[in-house]
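# Coordinates in review
Below are the chains, spelled out letter by letter.
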Amino acid sequence: MPKVTVRYWAAAKAAAGVAEEPYDAATLAEALDAVRERHPGELARVLRRCSFLVDGDPVGTRGHETVRLADGGTVEVLPPFAGG
């Protein structure tokens, strides 16, 4: 199982209470499920409005279950922000 770092920005960082944390996940969907399990409150709500970068590449409209994660990779959680 790949080990990835999930990095939170802006409102996601505030809701998580940390800037980043490690997860074991093979797909973006698995990583986000694990995030929701660890942070079932506000962060789970914030994630619905977020966009994601996986190793610097935008996920866009691809299904999260189709986005494979690489060992040592990074998932950036980007909430909408003013001026963005």
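Before reading on, note that the structure itself is shown above.
Just so we're clear, the structure is a prediction, and the values are computed from it rather than from any experiment.

## Details of unusual backbone geometry
Residues other than glycine seldom take positive phi values, yet A10 does so here, at roughly 55 degrees. Position of A10 among the secondary structure elements: in the loop between β1 (3-8) and α1 (11-16). The class of A10 is exposed, set by a relative accessible area of 53%. Although it is not a glycine, D55 adopts a positive phi angle of roughly 50 degrees. Relative to the assigned elements, D55 resides in the loop between β3 (51-54) and β4 (57-58).

## Some thoughts on the pairing of strand β2 (residues 20-24)
Burial of the side chains of β2 is restricted to one face: E21 and Y23 are buried, whereas none of E20, P22 and D24 on the reverse face is. For β1 and β2, the ladder comprises five bridges, and the chain directions are antiparallel. The partner of T5 across the bridge, within β2, is P22.

## Description of the nonpolar core
Buried together is how nonpolar side chains tend to be arranged in soluble globular proteins. In terms of nonpolar packing, the biggest core is built from 22 residues, with Y8, L43, F52, V75 and V77 touching the most fellow members. Elements with a minimum of two residues in this core: β1, α1, α2 (28-38), α3 (42-47), β3 and β5 (74-78). No other element matches the four residues that α2 contributes to this core. Sequence-distant contacts of V75, defined by excluding residues within four places in its chain, comprise T5, V6, R7, L28, F52, L53, V54 and L69.

## Thoughts on the pattern of salt bridges
Enumeration according to the criterion identifies six salt bridges in this entry. A salt bridge links D24 to K3; the nearest nitrogen and oxygen atoms lie 3.1 Å apart. Of the two residues, D24 sits in strand β2 while K3 sits in strand β1, which places them 21 residues apart along the sequence. Using a relative accessible area of 52% as the deciding quantity, one classes K3 as exposed. Ionic pairing is found between E76 and R7, a salt bridge with its closest N-O pair at 3.2 Å. Of this pair, E76 sits in strand β5 while R7 is found in strand β1, placing the two residues 69 residues apart along the sequence. One salt-bridge network, held together by shared partners, links R7, E20 and E76.

The rules we used
- Residues numbered from 1 in each chain as written.
- Predicted model: local features only at pLDDT ≥ 70, side-chain atom pairs only at ≥ 80, totals over all residues.
- Heavy atoms only, no water.
- Helix = DSSP H or I, 4+ residues; strand = E, 2+ residues; numbered from the N terminus.
- Buried < 20%, exposed > 50% of the residue type's maximum accessible area, 1.4 Å probe, protein only.
- Pairing = 2+ DSSP bridges.
- Core = buried A, V, L, I, M, F, W, Y, C linked by side-chain atoms within 4.5 Å.
- Contact = heavy atoms within 4.5 Å.
- Salt bridge = Lys/Arg side-chain N within 4 Å of Asp/Glu carboxyl O.

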